[in-house]
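Coordinates in review
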Amino acid sequence: MAGYLRMSLLATVVVVVVLAVLCAAAPNDEDAAAVADWTLSTPSAEELRARTSWRHAPSSLHPAELRPRAVGAADKPAPAASSPYQARFVDFAQYLDDLQPSEAHMAARRAAEGSVVPDAWWCGWYGGCDPLDSLKVELTTDRQTCESSFDDLAGTGYSCGAAKVVTCLTDVFDSTEGISSRGAPRSCEALDEDGNRPSTSSPARYIEVTAAVNGYAYATTCSPHTTFDTKVTVYEGSCSSMECVADEEGLAMYTADDDESCFHGTTRSSIKWPAKRGRSYWVRVWGYGGESGKYHLRLGGSLRRGEHAPVLVQQASQVGLRFHVGGLGLGAEVEPVRLTMSSPSLGGERLLAERTPASLPGEWWYEGAFVPQVSRAELSINVPPDAAVERGTFHVRWGSKVASVEVDVLRNIELDVDMRLAENAAKHKTEKFRSHDYPCPTPPATPNDRCETAHPVSCYLTMGDFSTSAPRAWPFADMNSDSSRCGTSTDSGKKWSQMWYKVRGTGGQAEASLCEASAYTYPRPKVAVFKGSCGGGLECVGYSYTRENCGGSRYKSWFAEEGVDYYIMLNGQSYTTPEEVFRNEFGLRLRGAVEGEGGLRPWNELVVRRGDSFDVQATFSAQLTSEEQQARNFEHLTVALQFVDLPDEPVPVSSSAASDGSWSYTASVMGEGASVNLRLHPPVNAMVGKYVLKLSLPTGEEAAPLFYVIFNPYHADDQVYMADEVKRGEYVESEVGMVWTGSSDDNGPQHWANDQYNYLSLTVALDGLVGLSAAQRRDAIHVTRQMSLYFGNTILHGRWKDTFPDGIEPWKWTGTYQLLHNWHTTRPSGGVRYAQCWVFAGVMTTIHRALGVPVRTVTNFESAHESPKCEPGAWCPNGRYHQVVEEYQYPKDGYLYRIPDNTADSIWNFHVWNDVWIKRPDLEGTSAAQWNAVDATPQESSTQSNLSQMGPASHEYLMARKYTGNYDVDFCGSEVDADRQIYDCPREGASRSQCSKGTTQTRSVGVQISTKAVGAWELDDVTLQYKPSQRRDRRRVHTGTALAFDFRVEKAGAGDAMVAVVEVYGQPSRELLLDARVRVDATTYTGEVLHEDVHKSRRTLPLLADDGEFGADSLAHIRVPIDDAHLRHVALGNHFRLSVAVYDALRAGDAAGEHGELLFATFGKVHARTELAMVVNEGAPVERASFANVRFSFRNFLPTRLENLTITLHGNHYMNPRNNQLLAHHPMEVLVDSLEAGDTLDIDGVMVTPLSVGETLLSAVLHSGCGSLRDVQGAVIVHVVEPPPLQASVDAGAEDV
């Protein structure tokens, strides 16, 4: 029967058995058949006064004298755990063995202490200590009800900052074993006989508690389960400024020690202190003389709400009620238990119903279960959203017994929190993270009037109109059954219209608001939020209310769990005829910790640089009455911080300036407690990552806004501080960059959209820090090193072949956002396919700037890749890297070929990595900030970790060629400054032992190390920041002829013939016939041969001895044209490797070889770059939100016709005005049927809309459908400005007044 909880006779028997066991002790030697139970005798008031010196002496909390009596052991069998409830509670029940003191005892105690003592505050809820036929009831709100045991609470308890926070538990079972001894933060010890203070060094635990009401609080270790000589100290204040708790007169109280009244041993300790509502206290449990062991700490008094104080509950909340029936005997008749409520609005006492599937949120009901083994029930009572704001009483009736508790029902008023940077920090640019607020694409045409057809939200502001988007109006009976249980009316005579949207939580506070861009007809729509599954599996999260500071519009805030899908329903109704449909236009804005389809999320969380203050304003969502203000006074606001990725890591925060580098805040309460302004001060060495600011009031209102902390290159005390403002603008703030690619003789830039202020850049970067310790998260050295590992091995997937199956070719990426969007939406195993070195480096530039670390992209031409000479950790007498790369070559028909299988070494045409600006206190002799090389491209395993990561490698160490320091300086030094050792082999396939050591080139590696110039779109050569000399001497002297040779390739544009030029210097000592032979291979940029012998040709040049035309500085050229056969490889984007050999043909013979004496041999590299030209608005600035004209041009340099050409246009801050879609998500395509050989493509009139001001990047890729032209890139930097303000118009004929 609803409303009744019945206990069977069997349950009664089990209850008696359990209670008997809980009150039992071990049998004595004299009577093995008996166990100890206890009777109660009460000491006199004088004895109580002698034992109760609360101020400056150890305190007593157990004045009762307990004496054993014998009962039959057979009456007390141990209970068997048979239900989840029993398993949860019996573990605690065996520890709780106190008895209910008599009324005479309590009267004596009141007389001794002169104050009101809560009856039996130490009496447990789980044992049989209650008198016969007693009934107890307790009511708790969500904030006071624990859902986990003490062991589940965050924090280790080793220190104040790591204290375990207890909000509702009254018993703590823990241990100080295994904890290192350390002193107390402040001594509260009384002087000993010699006038000295005893040592406070001991293993200890700290427990943080908060007073629920004003009154005395209690803490005691008096229990048989405390195994060592304990001491208890109570502190107040803050972790950075702890004080011994004060007594009634404001005098500091001493540590509690040796409670002589404790029957379980006088080495236990107890303390009582006057506590103030809402104030936090820290209880330190430690050992006398440094002892350690297990302890049972009991907490009570004002730490739990007083028995006679009304419990504050809110509308639309859940209230926990638990009751206990005590002292039942065998064979006792069990009466049913009824739960009722009385209040003025109910007109008397009403029986509450048990919840059924038909129960609605608008009704009072309860759900729960009775636990017969411990004679108790735990219930959850639903407070309706429209419950009357008044005082009421819950009654638990059992037979003629009744236990009651009063409640004050409060309005459901939420805490609104606004976070913003302080003025001094606003110039540090992090507000840009909030600025990506673009219009939405056109919503789908399909109706979204059912949960099953909910539209996925894809942007911040979703526009809609009930008259067009919800064409059907559904009677109440036809609505989703779940929707009717989330604050909607139950009037079946009205028709309804619904619109459904779907978002996903990311872990934090979220809100759905109709406060903006909405035009309503009355009545306004409601906003309901659900989770679960459509078709009957939805669970109401909450629904909106009218928000006064939002023009009366609807608004809902909730905590969005990470990874959980939420359904948002907008609900309107018809008030007149059945045919009328509720209609209005609206703008649904989502904020906070939710994201939509494609990963685009409404970002409004604050990003703050460490060391920069920020402001928090907490207000209520509605005007408070004077009574509500008194109940919700912000002076009782609790401020706490939690680091999301390390929830057990303490983040101490104090209300005064911290001297130890911890967090602090200042607060000012405004408007008689109706709002509070906080200014938080992060330390300059704060952990980098995501935080939750937890604000809570004793009345239950809570807010938990997320915010992010990053490095601060603007702060002189930060590890990444960069003093030069112009350089900060380039290396921290610039959102567009350039990467140089090609070869040392033929290179150029390609643009890269960094877009570091997009939320994905920061959140994905922080995902990569998971696993780092707190100390590592404070240190930019470890953070940048971790980024190298994470992005090189998890986010991006590298491939250096000619084909790219199941992925995107690396050269198609033009910015970081495209890659991170791909990762965020698909999470491909092994990373986003595919990347090569400039892609890794481009993404790393974005990530570090998002984290606040100054960074630049660096290209090293002729970059050596030396294979390690031994594995990490092995003994390497000469180091893992010797700064030498080996190449093996052999002649064939007079042309030179390589033997790649003879070595794992290689020299890349170019390699791209990053430099980060960090102080290096970990290295000798380096204190100031400097550039450090980091590389995410997977190559060799790190010397220090044996993982695929590199850096940060100090530039100072590289310049000094000091290859023994952290991190990976040896490998990086080889990349920029290795020697190239040539080995001459007799034939193809010759082994290493058959080859002889040839020439050693000491200046051919690490050429023109390049980065973007500060404040200019041009190259900056930074070679001298990596090594002492950048001189590249490629001349080779042949001593037998007194000649010197050099080689170059005349610059070759797309469609132009290449010419190899051998330069000859000096005056020949004999007559020669120079025979120059050039061979061309098509290769990747890493040197892997794709197509061998793309071209072969030779030229000869006779020289006479002592030719008068030649002097010491004379120069002759041997020009070797390369035919058009290479052009098809140019169209495919390949690189070219030219092998050059020059012989003296007059010396042909056995000794010199069939082709003559080899005078000169070398290799050259060329990358014939092609480009798609782009111009926007003829180069003039473009106004934001206007139409910008893009013009393309391209000449077909191939001798064949190109067909089915496609230009794909990207832009992170641009929209396609034809469909309102963002180019970052939906690139625009321009199609061209064909382009004849030699003709020029010229396309004008392609329109785009820029959405943000500043220097922005538009990029495009051109390719042909037949594959003969592969991905020709184009890019243009567009300067976008704000449009001028509108001017009021004046009629031409108007007269001046």
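Note that the structure is predicted; figures quoted are calculated from it, not measured. (Residues numbered from 1 in each chain as written. Predicted model: local features only at pLDDT ≥ 70, side-chain atom pairs only at ≥ 80, totals over all residues. Heavy atoms only, no water.)

**Considering the overall build of the protein chain**
Let me state the cut-off plainly: Where helices and strands are cited, they refer to DSSP runs of H or I of at least four residues and of E of at least two residues respectively, numbered from the N terminus. Burial here depends on accessible area, computed with a 1.4 Å probe over protein chains only, as a share of the maximum for the residue type. Under 20% is buried, over 50% is exposed, and the range in between is partly exposed. The contact criterion used is simple: two residues touch if any of their non-hydrogen atoms lie within 4.5 Å. Only the protein chains shown count as cover for residues, and all accessible areas are computed by the Shrake-Rupley method using a 1.4 Å probe.
In terms of helices and strands, the protein chain carries 15 helices and 75 strands. Residue burial in the protein chain is summarised as follows: out of 1297 residues, 56% are buried. When contacts within the protein chain are restricted to residue pairs at least 6 apart in sequence, those whose partners lie at least 24 apart make up 72%. Of the roughly 53000 Å² that the protein chain leaves accessible, carbon and sulfur atoms contribute 48%.

**Concerning the sheet that holds strand β66 (residues 1173-1176)**
Here is the rule we go by: For two strands to count as paired, DSSP must find a minimum of two bridges between them.
Spatial ordering of the open sheet is given by β66-β68-β73-β70-β71, a layout of five strands whose pairing is antiparallel. Pairing within the sheet leaves two strands with one partner each, and these edge strands are β66 and β71 (1221-1222).

**A short note on the pattern of salt bridges**
Formally: Whenever a carboxyl oxygen of Asp or Glu lies within 4 Å of a side-chain nitrogen of Lys or Arg, that contact is scored as a salt bridge.
Tallied over the entire structure, the rule returns 40 salt bridges. Close ionic contact of glutamate 1088 with lysine 801 constitutes a salt bridge, the shortest N to O distance being 3.9 Å. Note that glutamate 1088 is positioned in the loop between β61 (1072-1083) and β62 (1089-1103) and lysine 801 in the loop between β46 (796-798) and α11 (816-826), a separation of 287 residues in sequence. Given the relative accessible area of 31%, glutamate 1088 is considered partly exposed.

**Regarding the state of the cysteines**
Formally: Cysteine sulfurs are considered disulfide-paired once they come within 2.5 Å of each other.
In the structure shown here, the tally under the stated rule is four disulfides. The disulfide that involves cysteine 451 links it to cysteine 534, with 1.9 Å between the sulfurs. Its S-S torsion of approximately -70 degrees makes the covalent link between cysteine 451 and cysteine 534 left-handed. Here cysteine 451, found in the loop between β24 (415-421) and β25 (455-456), pairs with cysteine 534, found in the loop between β29 (526-533) and β30 (537-543); they are 83 residues apart in sequence, far enough to count as distant.

**Here's the deal with the side chain of arginine 880**
Put simply, the rule is: Distance and chemistry together define a polar contact, namely a pair of N or O atoms within 3.5 Å, with one atom able to donate a hydrogen and the other to accept it when in protein, and with adjacent residues in sequence counting only for side-chain atoms on both sides.
With respect to the helices and strands, arginine 880 occurs in the loop between β48 (855-865) and β49 (884-892). Polar contacts involving the side chain of arginine 880 include one to the main-chain carbonyl oxygen of cysteine 870, which spans 3.0 Å. Beyond its immediate stretch of four places on either side in the chain, arginine 880 contacts Ser867, Pro868, Lys869, Cys870, Glu871, Pro872, Ser941, Ser942, Thr943 and Asp970.

**Thoughts on the environment of leucine 339**
Tracing the sequence through the fold places leucine 339 in strand β17 (residues 337-343). When its relative accessible area of 5% is taken as the criterion, leucine 339 is described as buried. The spacing of leucine 339 and glutamate 354 is 15 residues in sequence and 9.5 Å in space, taken between C-alpha atoms.

**Brief notes about the nonpolar core**
Rules: To form a nonpolar core, buried Ala, Val, Leu, Ile, Met, Phe, Trp, Tyr and Cys residues must be joined to one another through side-chain atoms within 4.5 Å.
With 63 residues, the main nonpolar core has Leu1138, Phe1192, Phe1194, Leu1209 and Leu1258 as its most contacted residues. Here leucine 1138 is in contact with Phe1047, Val1049, Ala1060, Val1078, Arg1079, Val1080, Ile1122, Thr1162, Phe1163, Gly1164 and Val1166, once residues within four sequence places are set aside. Among the nonpolar cores identified, the runner-up in size contains 62 residues, and Phe433, Leu819, Trp838 and Val934 belong to it.

**Structural notes on helix α10 (residues 780-795)**
Spacing of three or four residues puts side chains on the same side of an α-helix, whose turn is 3.6 residues. Counting buried residues in α10 gives 13 out of 16 residues, a clear majority hidden from the surface. Between the side-chain oxygen of the N-cap and the backbone nitrogen of isoleucine 781 there are 3.0 Å, and the N-cap of α10 in question is aspartate 779.

**Quick word on unusual backbone geometry**
Put simply, arginine 833 and tyrosine 834 share a cis peptide bond, and its omega is 5 degrees. When you line up the elements, tyrosine 834 lands in strand β47 (residues 832-835). In this structure, the amide linkage connecting glycine 951 to the following residue, proline 952, adopts the cis form with an omega of 0 degrees. Inspection of the secondary structure puts proline 952 in strand β53 (residues 950-954).

**Describing the sheet that holds strand β36 (residues 614-620)**
Strands sit in the order β24-β36-β40-β39-β38 across an open sheet of five strands; the sheet is mixed. The open sheet has two edge strands with one neighbour each: β24 and β38 (653-654). Where strand β39 (residues 663-670) and strand β40 (residues 675-681) come together, seven bridges link them in antiparallel fashion. Paired with valine 669 across the bridge in β40 is valine 676.

**Some points on α11**
Counting buried residues in α11 gives eight out of 11 residues, a clear majority hidden from the surface. Burial in α11 covers these residues: Thr816, Tyr817, Gln818, Leu819, Leu820, His821, Trp823 and His824. Positive phi appears at arginine 827, one or two residues downstream of α11, with a value of about 45 degrees.

**Observations concerning the pairing of strand β43 (residues 706-710)**
Among the five residues of β43, five are classified as buried, and the element is accordingly described as predominantly covered. Side-chain alternation along β43 places Leu706, Tyr708 and Ile710 on one buried face and Phe707 and Val709 on a second face that is also buried. Where strand β35 (residues 606-609) lies against β43, four bridges are found, and the strand directions are parallel. For leucine 606, the partnering residue across the bridge sits in β43 and is phenylalanine 707. Sheet analysis places strand β41 (residues 689-696) next to β43, joined by four bridges and oriented antiparallel. Bridge pairing in β43 places glycine 689 opposite valine 709.

**Quick word on the environment of proline 938**
Positionally, proline 938 belongs in the loop between β52 (929-935) and β53. Overall, proline 938 belongs to the partly exposed group, its relative accessible area being 28%. Considered as a pair, proline 938 and serine 948 are 10 residues apart in the sequence and their alpha carbons are 5.7 Å apart.

**Details of the packing of α11 against helix α12 (residues 837-851)**
Two numbers describe a pair of packed helices, the interaxial angle and the distance between the axes. We apply this condition: Axis geometry follows a simple rule: fit a line to the C-alpha atoms, using only the stretch in contact for helices, then measure angles between N-to-C directions, giving values from 0 to 180 degrees. Any angle from 65 to 115 degrees is called roughly perpendicular, while one under 35 is roughly parallel, one over 145 is roughly antiparallel, and all others are oblique. Residue polarity follows a fixed list, in which Ala, Val, Leu, Ile, Met, Phe, Trp, Tyr, Cys and Pro are nonpolar, Asp, Glu, Lys and Arg are charged, and the others, Gly among them, are polar.
Across the interface, α11 lies against α12 with an axial gap of 9 Å and an inter-helix angle of 90 degrees. By the criterion of interaxial angle, the relationship of α11 to α12 is roughly perpendicular. Between α11, through Thr816, Leu819 and Leu820, and α12, the contact on the second element is made entirely by Val839, Gly842, Val843, Thr846 and Ile847. Across the contact of α11 with α12, the residue classes tally to five nonpolar, three polar and no charged.

**Points about the confidence of the model for the protein chain**
Stated formally: Along the chain, pLDDT gives the predictor's confidence residue by residue, from 0 to 100.
Averaged over all residues, the pLDDT of the protein chain is 76; the fraction at 70 or higher stands at 74%. Long-range and interchain partners of residues 1-133, a stretch whose pLDDT sits below 50, account for 295 contacts in this model, where long-range means more than four residues apart. Predicted confidence for residues 467-484 stays below pLDDT 50, and this span has 51 contacts to residues more than four positions away or in other chains.

**Quick look at the packing of helix α8 (residues 759-767) against α10**
At a minimum axis distance of 10 Å, the contact between α8 and α10 shows a crossing angle of 100 degrees. Here α10 runs roughly perpendicular to α8, going by the angle between their axes. In this structure, α8 uses Val764, Ala765 and Asp767 to contact α10, whose residues at the interface are Met787, Tyr790, Phe791 and Ile795. For the contact of α8 with α10, the class distribution of residues is six nonpolar, no polar and one charged.

**Quick look at the side chain of threonine 233**
Along the chain, threonine 233 falls in strand β9 (residues 230-238). Among the polar contacts listed, one links the side chain of threonine 233 to the side chain of tryptophan 286, at a separation of 3.0 Å.

**Regarding the packing of aromatic side chains**
Applied cut-off: Aromatic rings from Phe, Tyr and Trp, with only the six-membered ring used for Trp, were paired whenever their centres fell within 6.5 Å, and each pair was classed as stacked if the ring planes differed by under 30 degrees, edge-to-face if by over 60, and tilted otherwise.
With the rule as written, the count across this model stands at 26 aromatic pairs. Note on tyrosine 731 and tryptophan 931: the rings are 5.0 Å apart at their centroids and 85 degrees apart in plane angle, and the pair reads as edge-to-face. Of this pair, tyrosine 731 sits in helix α7 (residues 725-733) while tryptophan 931 sits in strand β52, placing them 200 residues apart in sequence. Among the residues examined, tryptophan 931 registers a relative accessible area of 9% and is labelled buried. Summarising the aromatic geometry, the rings of tryptophan 800 and phenylalanine 840 are spaced 6.4 Å apart at their centres and angled 5 degrees between planes, so their arrangement reads as stacked. Here phenylalanine 840 lies in helix α12 and tryptophan 800 lies in the loop between β46 and α11, a separation of 40 residues in the sequence. With respect to burial, tryptophan 800 and phenylalanine 840 carry one shared label: buried. Linked through ring pairs, Trp800, Trp838, Phe840, Trp908, Phe910 and Tyr1085 together constitute an aromatic cluster.

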